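Topology and contacts: notes
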Amino acid sequence: MKIKQLNASYLAYDDRLLFRFNTDENTEFRFWFTRRVTLFILAATQHLIVKKLEQTHTPQAAKAIAEFGSDAVHVTQDQDQKGSEPFQPADNFPFGADPLLVMDVKCSLEKELLEDVLSLELILPGGAHVNLKLAGSILHGMCSLLNQLREHASWGNVPPVVDQVSNEQENKKEGAKPSVH
């Protein structure tokens with residue numbers, strides 16, 4: 001199943017995003033993203049992309065490349081939206097027409113064939129999981145869309161992800177005890 005289009009909108013009354021995507025098989029999935037889920041997706045995706053780039057670049061170069069890529073996608077999407085077709089709702093709703101609330105999210109980068117893809121695991125009520133594999137323009141499009149809606153909703157800045165390893169190293173340098181959860 002390949003994602004064809006993404007769509008999201010901010011609902012101020014609910015303080016949530018309605019995230020929808022459809023597939024080439026005329027299937028549509030609808031989810032509610034809370035502020036916490038949205039900010040986590042944006043922070044984790046940005047962090048994972050930078051970490052992947054750090055495998056072949058310095059940390060400063062990796063961050064600059066990621067920011068440049070994000071800015072370039074944003075400009076390209078602004079140009080594409082002028083002539084792009086609107087989101088086309090599908091006829092089939094495997095989980096029903098009502099959106100499902102995403103309770104939590106897990107993100108990881110995986111290798112699929114020759115391409116790096118973001119594995120976005122949406123955790124739903126009752127413990128059900130939906131796993132999306134996003135790469136290339138769909139991944140950047142999702143991040144750009146969520147980021148625009150985050151700004152529109154006034155949800156603040158995307159929080160930085162603190163690397164657990166570097167955080168533990170800092171605690172050792174300072175003589176602090178590591179936190180236990």
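Right, let's walk through the structure included here. (Residues numbered from 1 in each chain as written. Predicted model: local features only at pLDDT ≥ 70, side-chain atom pairs only at ≥ 80, totals over all residues. Heavy atoms only, no water.)

Section: unusual backbone geometry
Put simply, the test is: Counting from the N terminus, the helices are DSSP H or I runs at least four residues long and the strands are E runs at least two residues long. Relative accessibility decides the category of a residue: with a 1.4 Å probe and only protein chains considered, values under 20% of the type maximum give buried, values over 50% give exposed, and everything between is partly exposed.
Notably, Asn-26 is not glycine yet its phi reads approximately 60°, a positive angle. As for its position among the elements, Asn-26 is in the loop between strand E2 (16-23) and strand E3 (28-33). Taking the relative accessible area as the measure of exposure, Asn-26 reaches 31% and is therefore partly exposed.

Looking at the nonpolar core
Quick reminder of the rule: Among the buried residues, those of types Ala, Val, Leu, Ile, Met, Phe, Trp, Tyr and Cys that are joined through side-chain atoms within 4.5 Å form a nonpolar core. Only heavy atoms enter the contact rule, under which two residues are in contact if any of them lie within 4.5 Å.
Ranked by internal contacts, the top residues of the largest apolar core, which has 32 residues, are Phe-31, Phe-33, Leu-120, Leu-122 and Met-142. Contributions of two or more residues to this core are made by strand E1 (3-11), E2, E3, helix H1 (35-53), strand E5 (104-112), strand E6 (115-123), strand E7 (129-134) and helix H3 (136-152). Top contributing element to this core by residue count: H3, with six residues. With near-sequence residues (within four places) excluded, Leu-120 lies in contact with Ile-41, Val-105, Lys-106, Cys-107, Val-130, Asn-131, Leu-132, Leu-134 and Met-142.

A short note on the sheet that holds E2
One key point about sheets: their strands pair by backbone hydrogen bonds, in either a parallel or an antiparallel sense. So the rule is basically this: Strands are treated as partners if at least two bridges between them are detected by DSSP. Between N-to-C directions, angles span 0 to 180 degrees; the directions come from axes that are lines fitted to C-alpha atoms, helices contributing only their stretch in contact.
Overall, mixed pairing links the four strands, which are arranged E1-E2-E3-E4 in an open sheet. Strands with a single pairing partner mark the edges of an open sheet, and in this sheet they are E1 and strand E4 (100-101). Both E2 and E3 contribute to a ladder of six bridges, which runs antiparallel. Bridging from a neighbouring strand, Leu-17 pairs with Phe-33 of E3. Packing of H3 onto the sheet brings it into contact with E1, E2 and E3, and relative to E1 it is tilted by some 10°.

Side note on the pattern of salt bridges
To keep it simple, the criterion reads: We define a salt bridge as a side-chain nitrogen of Lys or Arg found within 4 Å of a carboxyl oxygen belonging to Asp or Glu.
For the structure shown, the criterion picks out seven salt bridges. Salt-bridge contacts for Arg-20 lead to Glu-28; the nearest nitrogen and oxygen are separated by 3.4 Å. Grouping residues by exposure puts Arg-20 and Glu-28 together as buried. In this structure, the salt-bridge partner of Glu-151 is Arg-150, at a minimum N-O distance of 3.5 Å. Since its relative accessible area comes to 9%, Arg-150 is described here as buried. One salt-bridge network, in which partners are shared between bridges, spans Arg-20, Glu-28 and Arg-30.

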